[in-house]
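Listed here are the chains, written in short residue letters.
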Amino acid sequence: MTPANVLPPEDDQDAEIIREFLIESSEALDQMDSNFVALEQSPHDTELLATIFRAIHTIKGTSGLLGFKKLEALAHAGEGVLSRLRDGTLDLDAEITGTVLLMVDGIRQMLVSIESGHSDLADDCAAIRSRLLEIGMVARPPVLATDLPVPSAVPAHPDSANLHLADNTVRVDVNLLDRVMNLVGELVLARNQLQQVGRAEEHATLLQVTQRLNLITQELQEGVMKTRMQPIANIWGKFPRVIRDLAAASGKQIGIWLEGKDTELDKTIIEAIRDPLTHALRNSADHGIELPAVRIRLGKPVEGRVVIRAFHEGGQVNIEISDDGGGIDPAVLKRKAVERGLVDSDTASRMTDRAALDLVFLPGFTTVDQVTNVSGRGVGMDVVRTNIEKIGGSVEINSRLGESTTVRFRIPLTLAVIPVLIVTAGKNRYAIPQPNLLELMRLNPVTGRGVEWVHGAPVCRLRGNLLPLVFLTQVLHLPAATTGDGTISIVVLRANGRVFGLVVDSIHDTQEIVVKPLGKHLNNLPIFAGATIMGDGLVALILDIAGLAQASGVVGNPGERVRSETVPTTVTPRQRSHRLLIAGLDERHRIAFSLDHVTRLEEFAESAIEWSDGREVVQYGGRILPLLRLADVLGLGSVPPRQLGMMTVAVYRDPAQEVGLVVNRIVDIVEEVVAIQPSRSRPGIVGSTVIQQQVTDVLDLRTIIQMHGPSLATATIGLKESA
């Protein structure tokens, strides 16, 4: 809860004190929700009890000093119960836990009322307070704020480390951070423009100065972003309470496990995903986990298990909500969709299981026949997907019938500065957010690969599947450009769980751009998510991939169309799907390696190279980045840079080492199944494969980094040949 600026105290100092009280009390209550649920599992945890007691006592004492008597009385009644629990004269049970949690909710409501300028709540929660007094048998007057009990007394000599930490912590208004972030965005735009001028002029000094500005801008951008980053635990703290209440209401036994609570996201993203995650969690508990009697009959543990996991991957945050319940039956989904008129029976019969799972995202879809306060209204997962895609994320469901269900969210770290692919259509430039981007491909009718037509719709073949195509010039009503050889450029995208190809006139490089909102008069254009200013000062529109897919008919009601899917080709042990960076070492030699630990793609001026311990290094983000020239490593000799005075570097980072891998040029980023022909004679090369119709060597970066110099620590992962 963020206090609004509506408090009317006459004295500014009083207003600031009340605002601090609201912030600190809200944070304490959020932590208390999870602490009480944890205490229910470990009722004799004295440290946890002392933490809860101190929080309630602080709220009670401060509210008394500020004149919030009703709030003080409610907190005092709860303090009496906690005092008996702490002293061991009262045993914690479900009824006591539930009553104390009601007190927490009552305090939270009173804080909302105070924030709105209405002092204490008119309803003083008399029933809750009475029950707490009865449980705690409180027969003494409220303790004054100055009469602190010995568990919470302030020590005469406070710990210097804690005092130092407090002195170095300040609260900053989010609006101020937003203004600073906007200024950083403008600096990024200026950097992009200066870089473009430097490359065009091929001026060595200007390129060197630009490189220095680039590093400073990156550090400043990262620093400002860190001030806005918050651990995902800020919203996870309430999840144990949500699960406990649902389990109690449904007669189920459910445990919750949280992994990756320290994973950080931008504050704006945190707020945007709070409700979608909560709804998906409630679905896991309500639809996924079976009743105890059913679980016993199936041979499962009587307590169901819900696991929430968050981790960084590929510049995004992945959040997975998994349960060990009954899974989702595709046949049931099809039948319910037909019954509710969402698809016809013929369409349902031809759906793959993967397509059937996507039915849960349709508006109005539900498998529950009886409406409850948790589910059955058919409003839910469609809103979840819509809200997640509004922030450039995606959501998908995987399920194994009778065993488990996993809802996976892919979320961008921030919305202010995003990586995009620049394309052109009708001589105009457009930006495609990278989270929607899967791979790039080209069709050349001369080689036998071209556009085909199925039931009047354009498609192309991609690894055994039919890929629906959308022509950007047609959607935007622009004149199409033609290439002399008839080559067609396609950007393979994902939206609403559907994969399709966007045909563009040409594909350019990737960039980090600053997102600028469109004016109000353009808000009714669903195919655009915003705009940005390019390095040459011209404006490029940012495509909303979900809106583009809907506008073109690729994504819509499954009853209107069956997704073009076939059973995938059998994947042998040597054929695995990899996310690969394709690079060139010279005009003929192409390499590929896993993107798992590639954090950024950079360009450095050759003049920025220095030497340390007999190795080439550059200064990078306040650190010394060792360089490894892959052409030299693979025995190709020194390869001249593609651009005069500049070198292209893939920054590789693992927990032990950061290395700059120097290549001639970046070709592409793809995610596909590769069949590797193994190499036995060249260490560091897993083997060769064909990617985009060209022979490409696949590298094992771990081995390469191990072999070339003791100062390069071992990387933790590489692309290894499967056994």
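Bear in mind the structure is a predicted one, so any value in this text is a computation, not a measurement.

A.B. asks: Could you clarify how one ought to interpret the pairing of strand S6 (residues 394-400) in this entry?
C.D. replies: Successive residues of a regular strand alternate their side chains across the two faces of the sheet. Relative to strand S7 (residues 404-412), S6 runs antiparallel, the two sharing seven bridges. Paired with Glu396 across the bridge in S7 is Arg408. As consecutive antiparallel partners, S6 and S7 are separated by three residues, and within that stretch Gly402 has a phi angle of approximately 85°, a positive value.

A.B. asks: Is there a simple way to explain the environment of Ile582 in this structure?
C.D. replies: Assignment of secondary structure puts Ile582 in strand S19 (residues 575-584). Ile582 sits in the buried class, given a relative accessible area of 0%. Linking Ile582 and Thr696, residues 114 residues apart in sequence, is a C-alpha distance of 8.3 Å. Sequence-distant contacts of Ile582, defined by excluding residues within four places in its chain, comprise Arg590, Ile591, Ala592, Ile666, Val667, Asp668, Val670 and Ile691.

A.B. asks: Would you take a moment to explain the sheet that holds strand S9 (residues 428-433) for this structure?
C.D. replies: Strand pairs in the sheet, formed through backbone hydrogen bonds, run parallel or antiparallel to each other. An order of S16-S8-S9-S18-S17 is seen for the five strands of this open sheet, with the pairing classed as mixed. The outermost strands of the open sheet, each flanked by one partner alone, are strand S16 (506-514) and strand S17 (528-533). Geometrically, the sheet is characterised by an average inter-axis angle of 35° between neighbouring strands, direction not taken into account. Direction of pairing for S9 relative to strand S18 (residues 539-543): parallel, over a ladder of two bridges. Note on S18: the bridge partner recorded for Tyr430 is Leu541.

A.B. asks: Just to check I follow, could you spell out the pattern of salt bridges for this structure?
C.D. replies: Two side chains carrying opposite charge are able to pair once their charged atoms lie near each other. Overall, the coordinates contain 26 salt bridges when judged by the stated rule. A salt bridge links Arg108 to Asp105; the shortest N-O distance between them is 3.5 Å. A residue pair is termed a helical-turn pair when its members lie 3 or 4 positions apart in one helix, as Arg108 and Asp105 do in helix H4 (residues 94-115) at three residues. Given the relative accessible area of 22%, Asp105 is considered partly exposed. A salt bridge links Glu134 to Arg131, with the nearest nitrogen and oxygen atoms 2.9 Å apart. Taken together, the residues span about one helical turn, with Glu134 and Arg131 both in helix H5 (residues 126-136) at a distance of three residues. Put simply, Asp30, Asp105, Arg108, Arg241, Arg244 and Asp245 are held in one network by salt bridges that share partners.

A.B. asks: Please clarify how H5 should be interpreted in this entry.
C.D. replies: Three or four residues apart is the spacing at which side chains of an α-helix point the same way, because the helix has 3.6 residues per turn. When we look at burial in H5, the residues that qualify are Ile128, Leu132, Ile135 and Gly136. All buried residues of H5 fall inside an arc of 85° around its axis, so they share one side. Opposite the packed face of H5, turned more than 90 degrees from it, sit the exposed residues Ala127 and Glu134.

Parameters and conventions
Residues numbered from 1 in each chain as written. Predicted model: local features only at pLDDT ≥ 70, side-chain atom pairs only at ≥ 80, totals over all residues. Heavy atoms only, no water. Pairing = 2+ DSSP bridges. Helix = DSSP H or I, 4+ residues; strand = E, 2+ residues; numbered from the N terminus. Buried < 20%, exposed > 50% of the residue type's maximum accessible area, 1.4 Å probe, protein only. Contact = heavy atoms within 4.5 Å. Axes fitted to C-alpha atoms, helices over the stretch in contact; angles between N-to-C directions. Salt bridge = Lys/Arg side-chain N within 4 Å of Asp/Glu carboxyl O. Arc of directions from axis to C-beta.

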